[in-house]
Amino acid sequence: MQNIVINPNSGAELVISEYIAPPPAPNPYWNRPASWLTMPTITGSEDLIAILFPVDNTSYNTITIPAITANFIVDWGDGVVENFSSGTSPTHSYVFANIPQSSQTPLGYRQALVKITPQAGNSLTSMANLSGSSCLDVVASGPNLIMVGIGGCNRMEHMKLLCRVSGVLGVNYGVVLIELSQNVFSTKTDLANIFNSNWNMVYVDYFDTGSNTNFSNIFRDCRSLKTLPNINFNNVTNTLNVFHGCNALTKIPAIQFTNVVNVSSTFISNCANLEEINITGQVSGMDQIFTACFKLTTFPAIDMSQCGVLNSQLAPSALKRFLGYGMRNSFRLDQRSLGRTELVEVFTNLGVANAGATLNIRLCPGTDSLTNNDKLIATNKGWTLITT
């Protein structure tokens, strides 16, 4: 697909290739260990939480279920089934020798599949934060179920949540794949930190961002994240660390800002393999954006007409094309890899300069090749060019 942006200063069309995240094939990013017990199939209509728990050949094999709102039943997966009243947080201990040997994995642990369902006349409505558990896999379903969150489950590799989540799903260092219902975060007032520091997460399912404005730290330090769903940025105002440290990302689906946003310096930063991104909409500031994005060669077609003075160099030194337009205040493109043709494109896309505005293009490959007529494109708009 292509995205066409009209430059209000020149009337020219900027045609930008637009990367749209493809719909995923079923679990294309994670191979579930063949030795793991099969999890229940869920569609979202069931009242069920299932947890796959590893039972090691040690003396400590205890699982604690977070408090659940509803009178509920726990099948502990070792032949023990118990009833609990609403608000209870039950604990159960396993004996390795009592777990069927058929469930033993090549890594030596055996498995218990814990199933939580409501008692007759009840419906699962909430589950407190599942934190620090050694669970391997979690699936949760319920038309009325709201889970507070899942965090610190370092052996977990997968979660599938066809319910709503009111908290975060971050700091699960082992999780690879997260599958979600579209309205999973519909009860949240902001999306801050929801996947923060899921170091091994390769893929997360599409989710509706709704009217949330705070996107800070959503994918911060998701070092293995390779594919992103399309994300609605229409209402966002806080972009702190959204994609900071996402070193495996090569492409980010198209981002469009409806509000005028001050894009944090760490909005997209330390993404060492990022090659392609398309951002449209107005920004009021973006000093140091794309820091340490070493492979990014094209600066996207951002409307910079509301942007203040930018004191730091924009984009990495590999920058070969700058498509930002409408800028009126001082900024720097010195020591970027811009040829003469690309510099003329920058001049064409400039807005009328505010008083004293300068554009530093010192030590760009094309600077010494600029003709006087080339420079007039900028200076006739009131710009002062710094070339030496």
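Just above, that's the structure.
Structural notes, computed from the coordinates.

What counts and how
- Per chain, residues are indexed from 1 in the order of the written sequence.
- At least 70 in pLDDT is required for a residue's local features to be given in this predicted model, at least 80 for side-chain atom pairs to be given and counted, and no such filter applies to totals for whole chains, interfaces and linings, which use all residues.
- Calculation of side-chain values draws on the structure's entire complement of heavy atoms; hydrogens and water are dropped beforehand.
- Numbering of helices and strands runs from the N terminus; a helix is a DSSP stretch of H or I covering at least four residues, while a strand is a stretch of E covering at least two.
- In this description, contact between two residues means that some pair of their heavy atoms is separated by no more than 4.5 Å.
- Where accessible areas are quoted, they stem from the Shrake-Rupley method and a 1.4 Å probe; at the residue level, only the protein chains shown are allowed to cover.
- Residues scored as charged are limited to Lys and Arg (positive) and Asp and Glu (negative), so that His and the chain ends carry no count.
- In plain terms, the charge of a residue is placed at NZ if it is Lys, CZ if Arg, CG if Asp and CD if Glu.
- Relative accessible area decides the class of each residue, using a 1.4 Å probe on protein chains only: under 20% of the type maximum gives buried, over 50% gives exposed, and in between gives partly exposed.
- Should DSSP find at least two bridges between two strands, the strands are taken to pair.
- Buried residues of nine kinds, namely Ala, Val, Leu, Ile, Met, Phe, Trp, Tyr and Cys, make up a nonpolar core once their side-chain atoms join them within 4.5 Å.
- With axes taken as lines fitted to C-alpha atoms, and helix axes fitted only over the stretch in contact, angles between N-to-C directions fall between 0 and 180 degrees.
- Note that the term roughly parallel is reserved for angles under 35 degrees, roughly antiparallel for angles over 145, roughly perpendicular for angles of 65 to 115, and oblique for everything else.
- For a crossing to be left-handed, the near helix must be turned anticlockwise from the far one by less than a right angle; the clockwise case is right-handed.
- The working definition used for a salt bridge is a side-chain nitrogen of Lys or Arg within 4 Å of a carboxyl oxygen of Asp or Glu.
- In summary, the pairing rule links any two rings of Phe, Tyr or Trp, Trp by its six-membered ring, whose centres are within 6.5 Å, and it sorts them by plane angle into stacked for under 30 degrees, edge-to-face for over 60 and tilted for everything else.
- Look at NZ for Lys and CZ for Arg. If either is within 6 Å of the ring centre and within 35 degrees of the ring normal, a charge sits over the ring.

So, the overall build of the protein chain
Thinking step 1. Within the protein chain one finds two helices and 25 strands.
Thinking step 2. Its C-alpha atoms give the protein chain principal-axis dimensions of about 85 × 40 × 30 Å.
Thinking step 3. Within the protein chain, residue pairs in contact and separated by at least 24 positions form 49% of the contacts whose partners lie at least 6 positions apart.
Thinking step 4. Taken as a whole, the protein chain presents about 15900 Å² of accessible surface, with 47% of it coming from carbon and sulfur.
Thinking step 5. Seen as two clouds, the 21 positive and the 24 negative side-chain charges of the protein chain have centres 8 Å apart.

Section: the pairing of strand S15 (residues 177-180)
Thinking step 1. Burial along S15 is two-sided: the face carrying Leu177 and Glu179 and the face carrying Ile178 and Leu180 are both buried.
Thinking step 2. Two strands pair when backbone bridges link them, and strand S14 (residues 158-165) and S15 are joined in this way by four bridges, in the parallel orientation. Looking at S15, one finds that Leu161 is bridged to Leu180.
Thinking step 3. Relative to strand S16 (residues 203-204), S15 is paired through two bridges, and the arrangement is parallel. Looking at the pairing, Leu177 lines up with Tyr203 of S16.

Focus on unusual backbone geometry
Thinking step 1. Backbone geometry at Asn193 places phi at a positive 70°, although glycine is not the residue there.
Thinking step 2. Secondary-structure assignment places Asn193 in the loop between S15 and S16.
Thinking step 3. Residue classification places Asn193 among the partly exposed residues on the basis of a relative accessible area of 29%.
Thinking step 4. One non-glycine residue with positive phi stands out, namely Leu363, at about 65°.
Thinking step 5. Looking at the secondary structure, you find Leu363 in the loop between strand S24 (358-360) and helix H2 (372-379).
Thinking step 6. By relative accessible area, which is 56% here, Leu363 ends up exposed.

Observations concerning the nonpolar core
Thinking step 1. Counting 102 residues, the largest nonpolar core has Phe195, Phe219 and Phe243 as the members making the most contacts within it.
Thinking step 2. Aside from chain neighbours lying at most four places away, what touches Phe243 is Phe219, Leu228, Phe233, Leu249, Ile252, Ile255, Phe267, Ile268, Ser269 and Cys271.
Thinking step 3. With 16 residues, the next largest nonpolar core counts Ala50, Leu52, Leu113 and Val202 among its residues.

A look at the packing of helix H1 (residues 340-349) against H2
To describe two helices that pack against each other, one gives the angle between their axes and the distance between the axes.
Thinking step 1. Where H1 contacts H2, the axes come no closer than 8 Å and their chain directions differ by 25°. In terms of orientation, H1 lies roughly parallel with respect to H2. Along this stretch, H1 crosses H2, giving a crossing that reads as left-handed. Between H1 and H2, the residues in contact are Arg340, Val344, Phe347 and Thr348 and Asp374, Lys375, Ile377 and Ala378, respectively.

Regarding the sheet that holds S24
Across a sheet, paired strands are connected by hydrogen bonds in the backbone, their directions being either parallel or antiparallel.
Thinking step 1. Strands sit in the order S23-S24-S25 across an open sheet of three strands; the sheet is parallel. The open sheet is flanked by strand S23 (331-332) and strand S25 (384-386), the only strands paired with a single partner.
Thinking step 2. Two elements, S24 and S25, share three bridges in a ladder whose sense is parallel. Its bridge partner lying in S25, Leu359 is registered against Leu385.

What about the pattern of salt bridges?
Thinking step 1. Tallied over the full model, the rule gives six salt bridges.
Thinking step 2. A salt bridge links Asp221 to Arg220; the shortest N-O distance between them is 3.8 Å.
Thinking step 3. For Arg220, a relative accessible area of 28% translates into the label partly exposed.
Thinking step 4. Between Arg321 and Glu345 there is a salt bridge, with the nearest N and O atoms lying 2.8 Å from each other. With Arg321 in strand S22 (residues 321-322) and Glu345 in helix H1, the pair connects residues that are 24 residues apart, well separated along the chain.
Thinking step 5. Here Arg321 falls in the partly exposed class, since its relative accessible area comes to 33%.

Comments concerning the packing of aromatic side chains
Thinking step 1. Counted according to the given criterion, the structure contains 20 aromatic pairs.
Thinking step 2. Geometrically, the ring pair formed by Phe233 and Phe267 is edge-to-face, given 6.2 Å between the ring centres and 75° between the ring planes. In this pair, Phe233 sits in the loop between S16 and strand S17 (251-256) while Phe267 sits in the loop between strand S18 (261-262) and strand S19 (276-280), placing the two residues 34 residues apart along the sequence.
Thinking step 3. You can call Phe233 buried: its relative accessible area is 3%.
Thinking step 4. According to the relative accessible area criterion, Phe267 is buried, its value standing at 0%.
Thinking step 5. An angle of 25° between the planes, with centres 4.5 Å apart, marks the rings of Phe299 and Phe322 as stacked. One end of the pair, Phe299, is in strand S21 (residues 298-299); the other, Phe322, is in strand S22, and 23 residues separate them in sequence. As far as the burial class goes, Phe299 and Phe322 line up, both buried.
Thinking step 6. Each residue in the set Phe185, Phe195, Phe207, Phe215, Phe219, Phe233, Phe243, Phe257 and Phe267 is aromatic and connected to the rest through ring pairs, giving one cluster.
Thinking step 7. Directly above the ring of Tyr109 sits Arg155, whose terminal nitrogen or CZ lies 5.4 Å from the centroid.
Thinking step 8. Between the NZ or CZ atom of Arg223 and the centre of the ring of Trp199, over which it lies, the distance is 4.1 Å.

Observations regarding the side chain of Thr105
Thinking step 1. Along the polypeptide, Thr105 turns up in the loop between strand S8 (91-93) and strand S9 (110-118).
Thinking step 2. We classify Thr105 as buried; its relative accessible area is 7%.
Thinking step 3. With sequence-adjacent residues up to four places away left out, Thr105 is seen in contact with Ser35, Trp36 and Gln111.

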